[in-house]
Amino acid sequence: MFETVSENRCFGGVQGVYSHDSDVCGCTMTFGLFLPEKAQRAPVPLLWYLSGLTCTHENAMTKAGAQAWAAQHQIALVFPDTSPRGDHVADDDAFDLGKGAGFYVNATQKPWAPHYRMWDYVASDLPRLLFNNFPLDEARQAITGHSMGGHGALTLALGLPGRFSSVSAFAPIANPTASDWGRRQLSAYLGADESRWARHDASLLLTGARFDGPILIDQGAADQFLDRLRPEALAAVLAETRQPATLRMQKGYDHSYFFVASFMRDHVAFHAAALGA
């Protein structure tokens with residue numbers, strides 16, 4: 001079950017924050033869920049938002065401006081946390097490993113393996129709770145995310161065929177196996193065998209997998225982390241494989257939530273069209 005942390009009226013709907021004991025992560029997890037007004041009468045489509053490094057469930061929930069556009073299309077939004085939490089959960093002094101940096105993988109290495117199972121958390125544990133307890137239409141799901149969360153959105157969409165109607169990303173870590181934001185973390189969580197990393201790299205996945213729905217990616221051209229994000233690798237494989245997608249380089253925009261908020265309306269409308277909302 002779950003506990004209600006808070007619920008606030010928001011654009012005619014309700015922005016809630018809830019906590020629950022996660023079986024896969026072995027700790028208490030917290031998530032945000034926005035339900036539009038229509039959810040009082042019938043199940044509504046669900047858009048997942050996966051956040052980036054250092055974030056909790058709260059960052060996008062309070063900074064991305066997504067609820068206004070979700071209310072317009074009568075879509076629910078879920079904001080999961082980015083890692084397991086608690087005093088008993090392993091951590092690292094660096095901001096890009098450990099708490100706040102789960103990278104949406106199932107860790108196999110010590111000391112991370114007991115709790116860092118964010119792939120299973122997003123793919124099965126949290127969905128089970130959501131669809132059993134809230135008025136959500138399981139057949140209509142879409143996914144988006146920012147930075148590390150953009151990486152998670154792309155890899156989950158490609159790795160779970162048929163689950164999501166559409167996928168988008170804001171400044172995703174597009175090629176983590178070749179990036180400072182990837183090699184260190186994937187080796188820590190998954191071990192030295194790089195063949196185990198490939199299923200968590202969208203640029204590698206797309207060489208052998210296709211996504212049947214629409215793809216939208218926005219990248220700030222003034223992003224201070226472009227060398228770590230490697231959008232050029234993703235653009236190259238999209239062209240090489242002729243995977244239908246829209247990748248936009250946005251002039252003057254950086255990596256911040258000001259960038260995310262600037263294009264959130266486009267992304268919600270993009271998913272609403274794919275979801276038939």
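Above this text is the structure in question.
These numbers come from a predicted model, not from an experiment. (Residues numbered from 1 in each chain as written. Predicted model: local features only at pLDDT ≥ 70, side-chain atom pairs only at ≥ 80, totals over all residues. Heavy atoms only, no water.)

Chemist: Teacher, can you tell me more about the overall build of the chain here?
Modeler: A tally of helices and strands in the chain yields nine helices and nine strands. At 17 Å, the chain has a C-alpha radius of gyration in line with the 19 Å of a compact globule built from 277 residues. Across its three principal directions, the C-alpha atoms of the chain cover 50 × 45 × 35 Å. For the chain, the residues scored as buried account for 57% of the 277 residues in total. Carbon and sulfur atoms provide 49% of the accessible area of the chain, an area that totals close to 11,200 Å². Considering the chain, the positive charge centre built from 22 side chains and the negative charge centre built from 28 side chains are found 5 Å apart. (Helix = DSSP H or I, 4+ residues; strand = E, 2+ residues; numbered from the N terminus. Rg over C-alpha atoms; globule rule 2.2 N^0.38 Å. Buried < 20%, exposed > 50% of the residue type's maximum accessible area, 1.4 Å probe, protein only. Areas by Shrake-Rupley, 256 points an atom, 1.4 Å probe, with all protein chains shown as cover. Lys, Arg positive; Asp, Glu negative; His and termini not counted. Charge placed at Lys NZ, Arg CZ, Asp CG, Glu CD.)

Chemist: So what exactly am I meant to see when it comes to the packing of aromatic side chains here?
Modeler: Given two aromatic rings, one states the distance between the centres and the angle between the planes to describe the pair. For the structure shown, the criterion picks out 13 aromatic pairs. Ring geometry for Y116 versus Y189: centroids 5.6 Å apart, planes at 20 degrees, classification stacked. Taken together, the residues Y116 in the loop between strand 5 (76–79) and helix 3 (118–133) and Y189 in helix 5 (residues 183–190) connect sequence positions 73 residues apart. Summarising the burial analysis for this pair, Y116 and Y189 share the class buried. Where W181 meets F225, the ring centres are 4.8 Å apart and the plane angle is 40 degrees; that geometry is what we call tilted. With W181 in the loop between strand 7 (167–170) and helix 5 and F225 in the loop between strand 8 (215–220) and helix 7 (226–229), the pair connects residues that are 44 residues apart, well separated along the chain. What makes W181 buried here is its relative accessible area of 3%. Positioned above the aromatic ring of W119 is the side chain of R199, whose terminal nitrogen or guanidinium carbon lies 4.8 Å from the ring centre. (Phe/Tyr/Trp six-rings, centres within 6.5 Å; stacked < 30°, edge-to-face > 60°. Lys NZ or Arg CZ within 6 Å of the ring centre and 35° of its normal.)

Chemist: Sorry, what's going on with the side chain of D81 here?
Modeler: Locating D81 in the fold gives a position in the loop between strand 5 and helix 3. At a separation of 2.9 Å, a polar atom in the side chain of D81 contacts the side chain of R85. Not counting residues up to four positions away in its chain, the partners in contact with D81 are M29, T30, C55, T56, H57, Y104 and M118. (Polar contact = N/O pair within 3.5 Å; in protein donor to acceptor, adjacent residues only side chain to side chain. Contact = heavy atoms within 4.5 Å.)

Chemist: Just to check I follow, could you spell out the packing of helix 2 (residues 66–73) against helix 9 (residues 257–275) for this structure?
Modeler: Describing two packed helices takes the angle between their axes plus the distance from one axis to the other. Where helix 2 contacts helix 9, the two axes come as close as 9 Å, and the packing angle between them is 30 degrees. With respect to helix 9, the element helix 2 is oriented roughly parallel. The two elements helix 2 and helix 9 cross, and the hand of that crossing is right-handed. When helix 2 is examined against helix 9, the residues A66, W69, A70 and H73 are found in contact with a partner set consisting of M264, R265, V268, A269 and A272. (Axes fitted to C-alpha atoms, helices over the stretch in contact; angles between N-to-C directions. Parallel < 35°, antiparallel > 145°, perpendicular 65-115°, else oblique. Left-handed = near helix turned anticlockwise from the far one by under 90°.)

Chemist: When you look at the nonpolar core in this model, what are you seeing that I'm missing?
Modeler: Nonpolar side chains in soluble globular proteins tend to be buried together. Ranked by internal contacts, the top residues of the largest apolar core, which has 92 residues, are F31, L130 and Y189. With nine residues, the single largest contributor to this core is helix 3. In contact with Y189, other than residues within four places in its own chain, are L97, G98, A101, G102, F103, V105, A107, T108, Q109, W112 and Y116. (Core = buried A, V, L, I, M, F, W, Y, C linked by side-chain atoms within 4.5 Å.)

Chemist: How should the pattern of salt bridges be read in this particular structure?
Modeler: Pairing between side chains of opposite charge can happen when their charged atoms approach one another. Scanning the model with the defined rule gives twelve salt bridges in all. Across the pair R41 and E37 runs a salt bridge, and its minimum N-O distance is 2.6 Å. Residue classification places E37 among the partly exposed positions, given a relative accessible area of 29%. One salt bridge connects R85 with D81, and the closest N-O pair in it is separated by 2.9 Å. Through salt bridges that share partners, D92, D96 and R184 make up one connected network. (Salt bridge = Lys/Arg side-chain N within 4 Å of Asp/Glu carboxyl O.)

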